[in-house]
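# Examination of the molecular architecture
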2 protein chains.
Amino acid sequence: MQIVVIGAGNLATSLVPAFARCGHQITQVVSRTLPSAEQLALFVSQNYSQRVEALANIAKVTADADLYVLAVVDDVIPLVAAELVKVIGSGKHIVCHTSGSVPLGTLLAYFEHSAVFYPFQTFKKTEPLLFDDIPLFVEATDDTTRTTMLALARQLSDEVYVSTSEQLKRLHIAGVFANNFTNCMYAIAREQLDRAGLPFSVLLPLIGKTATKVKTINPRDAQTGPASRGDTQTINQHLRLLGENERQIYEAVTQNIIKHTSSDEI
Amino acid sequence: MQIVVIGAGNLATSLVPAFARCGHQITQVVSRTLPSAEQLALFVSQNYSQRVEALANIAKVTADADLYVLAVVDDVIPLVAAELVKVIGSGKHIVCHTSGSVPLGTLLAYFEHSAVFYPFQTFKKTEPLLFDDIPLFVEATDDTTRTTMLALARQLSDEVYVSTSEQLKRLHIAGVFANNFTNCMYAIAREQLDRAGLPFSVLLPLIGKTATKVKTINPRDAQTGPASRGDTQTINQHLRLLGENERQIYEAVTQNIIKHTSSDEI
């Protein structure tokens, strides 16, 4: 396929070389920060023997590509779509965005054949990733578009899911708990250790073990700690040592653990 | 040293072979569940060419060992100490327990030379661990005891800390957040995915990455997600989709993340 990628940020830096690696032609990379687009275009040109054009202006995008990928932040997706439709029209091409939070309808308002192409991982410009084991979620407006996008996804990753915007909302919530909130738990733990004058490194073996265990055990079955033991003495001791917000977190999470611990396990 | 270990459970199953490996003589292993003591004694006898006695009754413990290790659950430490003092007396030997939650004073009430010897990891009988990279926390009633216990700890692990019961309380709280609560976040995430009909495996790459990142980055600096972006639209959308307890957790953790995000990062 001839692919135009709009965006040259964290995700695009991994995605553009991944498309090229699968044999697709990256026609143009577009970014308002032209040097980012140029850098990415140069990388692909050099590594995959393609002629990739770097652009700062969507108005100059070719109307001859097969697929237009919007790898931009959520908020600007409608704006980019509105600009793009003026150049390529609404009926001929497939246009996809890469966000798990923006419904497909946002693109369908502009393009007849649109899709969500959502890789479930966090990306950083400085550390391009391979897509092999990154779950890819695909939603599309019609069968032909879905078939094309699924084929593309399966070239990149072994884990491809056809999904709906409703599913992606739950997936996003799951990601917030499993990653954003987990990271916050690490942060609070670190602050507690700081108060005791102990280094964060003492937690790393246990953190690693907890994260590894869920690969094979349902986390509800792996739950340990004072809440799962019903050890109210320890729980109350901990609550007395915490500030207000940390106490609210401790109480709400403890309640959740207790709710899910069957009485015969206590 | 001649060491008597009281307990043949999750921790003792890792600890007893570790002592033997360092060249110490395990004189006796004591457990009310005699088969557990016998199994552990047999393992050490066979693997480290020692004659280890298995006992069910503390009254039969030798008074000739150098160190008595109470690797038993928190609640029974005072009971075991009360039984043990009748057999070995209060002034001659070093007695330690292995809990991070029971103060040193609990043993000092019975034994002049007592210590806390606390390995910061979760242990399972079925998966004995090496102590090399497990942080060991040592607290002791006096200099001689501390010197002996530190030397023993350093034979087992590269990460040994002299600590106070106050520090261990904070360490325990840190462990609850970083491990027990993190595991609960995984569990809630899994339940959200269940509702969307998606497999938990889609979360594993991100979970692994979050747990790996804290090895090199302060978790406050690694924080991502709607709360750290100040994305109230997404936050409110998520809150509407959650049950009451999950919503309380979401709100309290979100508040913590926002509190610690400097305004220039939003």
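The sections below set out a description of the structure shown in this document. The structure presented is a predicted model; accordingly, all values stated were derived computationally and were not measured.

## A few points about the state of the cysteines
One pass over the full model with this rule turns up 0 disulfides over all chains. Note on C184 of chain A: no disulfide assigned, nearest cysteine sulfur contributed by C184 of chain B at a separation of 14 Å. A residue is classified by how much of its surface remains accessible, and C184 of chain A, at 0% relative accessible area, is buried. There is no disulfide at C22 of chain B, and the cysteine sulfur nearest it, in C96 of chain B, is 14 Å away. Using a relative accessible area of 25% as the deciding quantity, one classes C22 of chain B as partly exposed.

## Let's talk about the sheet that holds strand β5 (residues 94-97) of chain B
All names here are of chain B. Pairing is mixed across the open sheet formed by 8 strands, whose spatial order is β3-β2-β1-β4-β5-β6-β7-β8. Pairing within the sheet leaves two strands with one partner each, and these edge strands are β3 (53-55) and β8 (160-162). In this sheet, adjacent strand axes meet at a mean angle of 20° when their direction is disregarded. In this sheet, β5 lies alongside strand β4 (residues 67-70) in parallel orientation, the contact comprising 4 bridges. Paired with L70 across the strands is H97, a residue of β5. Strand contacts of helix α2 (residues 34-48): β2 (25-30) and β3, with the helix running at about 170° to β3, the strand carrying the most contacts.

## Re the packing of helix α10 (residues 232-240) of chain A against helix α11 (residues 244-259) of chain A
All names here are of chain A. α11 packs onto α10 with a crossing angle of 160° between their chain directions and a minimal axis gap of 9 Å. Between α10 and α11, the interaxial angle falls into the category roughly antiparallel. Here α10 runs over α11; the crossing is right-handed. Listed contacts from α11 to I235, H238 and L239 of α10 are R247, Y250, E251 and T254. Classifying every residue of the contact of α10 with α11 gives 3 nonpolar, 2 polar and 2 charged.

Analysis parameters
- Residues numbered from 1 in each chain as written.
- Chains lettered and ligands numbered in written order.
- Predicted model: local features only at pLDDT ≥ 70, side-chain atom pairs only at ≥ 80, totals over all residues.
- Heavy atoms only, no water.
- Disulfide = S-S within 2.5 Å.
- Buried < 20%, exposed > 50% of the residue type's maximum accessible area, 1.4 Å probe, protein only.
- Pairing = 2+ DSSP bridges.
- Helix = DSSP H or I, 4+ residues; strand = E, 2+ residues; numbered from the N terminus.
- Axes fitted to C-alpha atoms, helices over the stretch in contact; angles between N-to-C directions.
- Contact = heavy atoms within 4.5 Å.
- Parallel < 35°, antiparallel > 145°, perpendicular 65-115°, else oblique.
- Left-handed = near helix turned anticlockwise from the far one by under 90°.
- Nonpolar A, V, L, I, M, F, W, Y, C, P; charged D, E, K, R; others polar.

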